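What follows is each chain in one-letter form.
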Protein chains: 2
Amino acid sequence: MATRRVTLRDVARRAGVHPSTASRALNPQTREMITEDIARRVARTARALGYQPNPIAYLLKTNRSRIIGVLIPDITNPVFPPIIRGIEDALGAAGYTAVLANTDNDEQRERVILENMIGRRVDGLIMATARRRDPLVQRCLAEEIPLVLINRTVASGEVSSVVNDDEFGMELAVAHMARCGHARIAHLAGPLDLSTGFTRHRGFIKAMKEVGLKADPRLIGLCSSFNETEGRRVFLGLRAGNRRFTAVVAANDLLAVGCYDALHELGLRAGREVAVTGFNDMPFVDKLRPPLTTVRIPHYQMGAQAARMLLARLRDPHAPIEHVTLRPELVVRDSTGRAPRTSSRSRGSA
Amino acid sequence: MATRRVTLRDVARRAGVHPSTASRALNPQTREMITEDIARRVARTARALGYQPNPIAYLLKTNRSRIIGVLIPDITNPVFPPIIRGIEDALGAAGYTAVLANTDNDEQRERVILENMIGRRVDGLIMATARRRDPLVQRCLAEEIPLVLINRTVASGEVSSVVNDDEFGMELAVAHMARCGHARIAHLAGPLDLSTGFTRHRGFIKAMKEVGLKADPRLIGLCSSFNETEGRRVFLGLRAGNRRFTAVVAANDLLAVGCYDALHELGLRAGREVAVTGFNDMPFVDKLRPPLTTVRIPHYQMGAQAARMLLARLRDPHAPIEHVTLRPELVVRDSTGRAPRTSSRSRGSA
DNA sequence: CTTTTTTATGCAATCGATTGCGCCACTCGG
DNA sequence: CCGAGTGGCGCAATCGATTGCATAAAAAAG
């Protein structure tokens, strides 16, 4: 039977001291207030009794939970696992625990979860769910909860973030297409209320200009969310228009997979009739036929970096706002056709 | 500035009653102890002040956290997101919150996380990490923490579980292979200390007997974990042996993907030279070339069912131990060759 | 050897709720 | 009109820690 857990009082009584003394003896911060001798005795009996401090009581008193909330828009998207892994590793090293929640891209649900986390007194938050203008971010600011945005950021820039250099990534993709001889290049844009969709869209236009091509507005399709069905739908829409194109730069891998689906239905093949690039290099895109050429984002590092920034802010609440952008790289596989086959490395960072 | 949160005392004072009265007025369980009139007044002022009960204080006093811990062996494996979704939905409907943790298949890490969760007084646990003999399960039993195992179960059967009918699934896969005319069928077995690996292995042998074939032990390769690299390694090992085979039944999709990798290296193709089946029907296997024939497990329902069973036990700690097995179905795609192309439905349950 | 200062520990309040118990006032029966 | 019974609330303890302040003992100063 689960015998009642041993409390600080138990330890104190057994060691023949007052609970407050025991508390101080066990807390590294206050240990030097206590005689070496007694501190050791308390520590010893604590160990003997198998004392485990009650985090709830600690939290109630100190308002420090040592928990970080992590909001993920869609846990089904394979880009997030590596990010989460990075966050957990960095946080764990500092004695913090990550609590994950999946918001399902649903604003209502986001709100509920956020309130729940605030209620449970998380010490800080990492959000991968930010929209360019996001009331939830405002809410955190109002509550003065340390916050770091990851992958996506807000337009105002008023909170720390670590994101990919999306413009540069787009340059890589477009430049590669151009090198492969494509001139009529389409873009499958992500939702423009997300910084990723927005910035990649802007990056696409800028990159086209840089390689001396004109970005035809009629060759830009707007997807209302980052998933395969949208990718398929919008690709088919673009194809139904009367502007031809030989290449499509998708704003993320799921959209690119949607293109694969559409091409398959049309009896065409990526890398042959139409060149396709994705964005993210999420797990398994190297296993598609043809393996997908894409822009690799350092997901794991992104997570770890965000966690470290949050920890810094936890230590010093007045740490300055930082914006870190990570440099992506192009991974050339077979979906962009005639280019010399270079690399088809296995799955992203583990 | 984050103005101090309003407490129950504030509400009580404002409503002109004692905190205990306010507490009872606000708690549905005890409302009928209080005069209708006063209860309404308290409720009204609570709403007016925006009172949010402090879950920490509640927990400290009642020892009920309304949190369920969920242990996932590898968040990188795409079978888990749908399971998690199912758990979250069922739990959320009952006012509970799921807290996810990723154990990375590391026993040490599992232990740390479990202790952490116990320390934070989760009301119950759902474990997808169980080994056939598992000390952590014992630990939960000792602490009398309500527990439901999911996907994998323990050999002793002493705790409730919801798993797939793995033997039946294997029958489906093997029978299909036999129907396609294969006689020399290999098996990529998962780790035998996991119930999934163990039962699928046993199911394979049984199914072979049922279709009148002999399971050649030299055509059974043992993988030490469920991932692509192991699948690739063991497949190549089998091929290097001098027993030929024309089909391979893998114990899960990741192992099957490993077979794809190996076949690719050998210049062969699944569904042509060698038929391949997977197990799980995880997201994206329908996007592989060729799309993978596999055994579909109702992941979402599995999660939801496990959550409901846990909730039942939370209500009644003496609820009997239940073992639920869910019936899988075969999804025939192109990796098993000449069979008539039937279905290639899109990604699993969302 | 007394007085002052320092140091180590104990006391008790506190965080924000829940809950057993006691008391007061009201109702109802005799 | 008085006593027993009952229903509605308030009091105070409690959950398990932390921490400002008081105090006793020891050390330093005079």
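In the block above lies the structure referred to throughout.
Residues numbered from 1 in each chain as written. Chains lettered and ligands numbered in written order. Predicted model: local features only at pLDDT ≥ 70, side-chain atom pairs only at ≥ 80, totals over all residues. Heavy atoms only, no water.

Asks: Even after reading the chapter, I still don't get the overall build of chain A, so can you show me in this structure?
Replies: Across its full length, chain A holds twelve helices and twelve strands. Taking 20 Å as the expected radius of gyration for a compact globule of 350 residues, we find that chain A reaches 26 Å, considerably beyond that expectation. Across its three principal axes, chain A shows a C-alpha extent of roughly 85 × 40 × 35 Å. Looking at the 350 residues of chain A, the share that counts as buried comes to 54%. Partitioning the intrachain contacts of chain A with sequence separation of at least 6 by distance along the chain shows that 71% fall at a separation of at least 24. Working note: accessible area of chain A is about 15,400 Å², and carbon and sulfur atoms make up 51% of it. Put simply, chain A has 51 plus and 36 minus side-chain charges, and the middle of one group is 4 Å from the middle of the other. (Helix = DSSP H or I, 4+ residues; strand = E, 2+ residues; numbered from the N terminus. Rg over C-alpha atoms; globule rule 2.2 N^0.38 Å. Buried < 20%, exposed > 50% of the residue type's maximum accessible area, 1.4 Å probe, protein only. Contact = heavy atoms within 4.5 Å. Areas by Shrake-Rupley, 256 points an atom, 1.4 Å probe, with all protein chains shown as cover. Lys, Arg positive; Asp, Glu negative; His and termini not counted. Charge placed at Lys NZ, Arg CZ, Asp CG, Glu CD.)

Asks: Can you walk me through the packing of helix H10 (residues 228-240) of chain B against helix H11 (residues 253-265) of chain B in this structure?
Replies: What describes two packed helices is the angle between their axes and the distance between those same axes. Residues and elements named next belong to chain B. Contact pair H10 / H11: the axes reach a minimum separation of 7 Å and the direction vectors enclose 55 degrees. For the element pair H10 / H11, the angle class is oblique. Between H10 and H11 lies a crossing whose hand is right-handed. Each of Glu228, Glu230, Gly231, Arg232, Phe235 and Leu236 in H10 lies in contact with H11, whose residues at this interface are Leu254, Leu255, Val257, Gly258, Cys259, Asp261, Ala262, Leu263 and Glu265. (Axes fitted to C-alpha atoms, helices over the stretch in contact; angles between N-to-C directions. Parallel < 35°, antiparallel > 145°, perpendicular 65-115°, else oblique. Left-handed = near helix turned anticlockwise from the far one by under 90°.)

Asks: I'm lost on the interface of chain B and chain A in this one. Help?
Replies: As a measure of interface size, the accessible area lost when the parts come together is often cited. The interface of chain B with chain A comprises 47 residues on the first partner and 47 residues on the second. Across the interface of chain B and chain A, roughly 4,500 Å² is buried in total on both sides, 52% from carbon and sulfur atoms. Applying the counting criterion to the chain B and chain A interface returns ten salt bridges. For aspartate 261 of chain A, the salt bridge is made with lysine 287 of chain B, and the minimal N-O distance between the two is 3.7 Å. Counting across the chain B and chain A interface gives nine residue pairs in polar contact (both at pLDDT 80 or more). Looking at the side of chain B that touches chain A, the elements that each hand over two or more residues are helix H4 (55-62), helix H5 (80-93), strand E2 (97-102), helix H6 (107-119), helix H7 (135-143) and H11 of chain B. (Buried area = accessible area lost by both parts, 1.4 Å probe. Salt bridge = Lys/Arg side-chain N within 4 Å of Asp/Glu carboxyl O. Polar contact = N/O pair within 3.5 Å; in protein donor to acceptor, adjacent residues only side chain to side chain.)

Asks: It is not clear to me how the relation of the copies chain B and chain A should be interpreted in this structure. Could you clarify?
Replies: A rotation about some axis, followed by a shift along it, carries one copy of the chain onto the other. Superposing chain B onto chain A takes a rotation of 180 degrees plus a shift of 0.0 Å along the axis, which leaves an RMSD of 0.1 Å. This pairing of chains is accounted for by a two-fold axis. (Least-squares fit on C-alpha atoms with pLDDT ≥ 70 in both.)

Asks: Explanation requested: the environment of aspartate 123 of chain A in the structure shown.
Replies: Residues and elements named next belong to chain A. Structurally, the position occupied by aspartate 123 is in the loop between helix H6 (107-119) and strand E3 (124-127). Residue class for aspartate 123 comes out buried when judged on its relative accessible area of 10%. For the pair formed by aspartate 123 and valine 148, sequence separation is 25 residues and the distance between their alpha carbons is 12 Å. Ignoring any residue separated from it by four or fewer positions in sequence, one finds aspartate 123 in contact with Asn63, Arg64, Ser65, Arg66, Ile67, Ile68, Tyr96, Pro146 and Leu314.

Asks: I keep staring at a positive patch on the surface and nothing clicks. Help me out?
Replies: A cluster of basic residues, Arg269 and Arg272 of chain A together with Arg269 and Arg272 of chain B, forms a positive patch on the protein surface. For arginine 272 of chain A, the position within the fold is in the loop between helix H11 (253-265) and strand E9 (275-277). (Patch = residues over 30% accessible without salt bridge, like charges linked within 9 Å, V, L, I, M, F, W, Y side chains within 5 Å.)

Asks: What is the right way to read helix H9 (residues 195-210) of chain B from this model?
Replies: Residues three or four positions apart in an α-helix share a direction because the helix packs 3.6 residues into each turn. Residue and element names in this part refer to chain B. The first and last C-alpha atoms of H9 sit 22 Å apart over 16 residues, in line with the 22 Å expected at 1.5 Å per residue. Here H9 has its buried residues at Ser195, Thr196, Gly197, Thr199, Arg200, His201, Gly203, Phe204, Ala207 and Met208. Against the buried residues of H9 lie helix H8 (166-179), strand E6 (185-189), strand E7 (220-222) and strand E8 (247-250). (Expected span 1.5 Å × (residues − 1).)

Asks: For this particular structure, what's the right way to read the protein's contact with DNA strand C?
Replies: Surveying the vicinity of DNA strand C reveals 24 residues, the closest of which are Thr21, Ile38 and Lys61 of chain A together with Leu8 and Ser23 of chain B. Serine 23 of chain B places a polar side-chain atom, nitrogen or oxygen, 2.5 Å from a phosphate oxygen of DNA strand C. At 2.8 Å, a side-chain N or O of tyrosine 51 of chain B approaches a phosphate oxygen of DNA strand C. Of the residues forming the surface near DNA strand C, the biggest block, five residues, is contributed by H4 of chain B. (Near = heavy atom within 4 Å.)

Asks: In this structure, what is going on with the protein's contact with DNA strand D? I would like to understand it.
Replies: With respect to spatial proximity, 24 residues lie near DNA strand D, and among them Leu8 and Ser23 of chain A together with Thr21, Thr35 and Lys61 of chain B are the closest. Arginine 24 of chain A has a polar side-chain atom sitting 3.3 Å from a base oxygen of DNA strand D. A distance of 2.9 Å is found between a phosphate oxygen of DNA strand D and a side-chain nitrogen or oxygen belonging to tyrosine 51 of chain A. Only helix H2 (19-26) and helix H4 (55-62) of chain A together with helix H2 (19-26) and H4 of chain B provide two or more residues apiece to the surface near DNA strand D. Looking at the surface near DNA strand D, the element that brings in the most residues is H4 of chain A, giving five residues. Considering only residue class, the surface near DNA strand D consists of eleven nonpolar, nine polar and four charged. (Nonpolar A, V, L, I, M, F, W, Y, C, P; charged D, E, K, R; others polar.)

Asks: Explain the nonpolar core to me, please; I cannot follow it from the model alone.
Replies: Nonpolar side chains tend toward joint burial in soluble globular proteins. With 144 residues, the main nonpolar core has Leu188 and Val276 of chain A together with Leu188 and Val276 of chain B as its most contacted residues. With near-sequence residues (within four places) excluded, leucine 188 of chain B lies in contact with Gly221, Cys223, Gly231, Val234, Phe235, Leu238, Val248, Val249, Ala250, Ala251, Leu255 and Cys259 of chain B. Grouped together as the second largest cluster of nonpolar side chains are 40 residues, Val122 and Leu149 of chain A together with Ile67 and Leu149 of chain B included. (Core = buried A, V, L, I, M, F, W, Y, C linked by side-chain atoms within 4.5 Å.)

Asks: Before we go on, may I ask you to explain the pattern of salt bridges in this structure?
Replies: If charged atoms from side chains of opposite charge come close, those side chains can pair. All names here are of chain A. With the rule as written, the count across this model stands at 48 salt bridges over all chains. As a salt-bridge pair, glutamate 115 and arginine 139 come within 2.6 Å of each other at their nearest N and O atoms. Here the residue glutamate 115 occupies a position in helix H6, and arginine 139 occupies one in helix H7 (residues 135-143), the gap between them amounting to 24 residues. What makes arginine 139 partly exposed here is its relative accessible area of 25%. Residue arginine 296 is joined to aspartate 281 by a salt bridge in which the shortest nitrogen-to-oxygen separation is 2.7 Å. Here aspartate 281 lies in the loop between E9 and strand E10 (294-296) and arginine 296 lies in strand E10, a separation of 15 residues in the sequence.

Asks: Help me understand the sheet that holds E8 of chain B, please; the structure alone is not making it clear to me.
Replies: By way of backbone hydrogen bonds, the strands of a sheet pair with one another, either parallel or antiparallel. Residue and element names in this part refer to chain B. Strands sit in the order E7-E6-E8-E9 across an open sheet of four strands; the sheet is parallel. Edge positions in the sheet fall to E7 and strand E9 (275-277), since each of these pairs with one other strand and no more. Taken over all neighbouring pairs, the strand axes of this sheet differ in orientation by 15 degrees on average, direction set aside. Pairing of E6 with E7, which is carried by three bridges, proceeds in the parallel orientation. Across the sheet, alanine 189 pairs through a bridge with leucine 222, a residue of E7. Those strands touched by H8 are E6, E8 and E9, and its axis lies near 170 degrees from that of E8. Each of E6, E7 and E8 is contacted by H9, which is oriented at about 165 degrees to E6, the strand it contacts most. (Pairing = 2+ DSSP bridges.)

In short, the description is geometric, and any link to function would need to be established separately.
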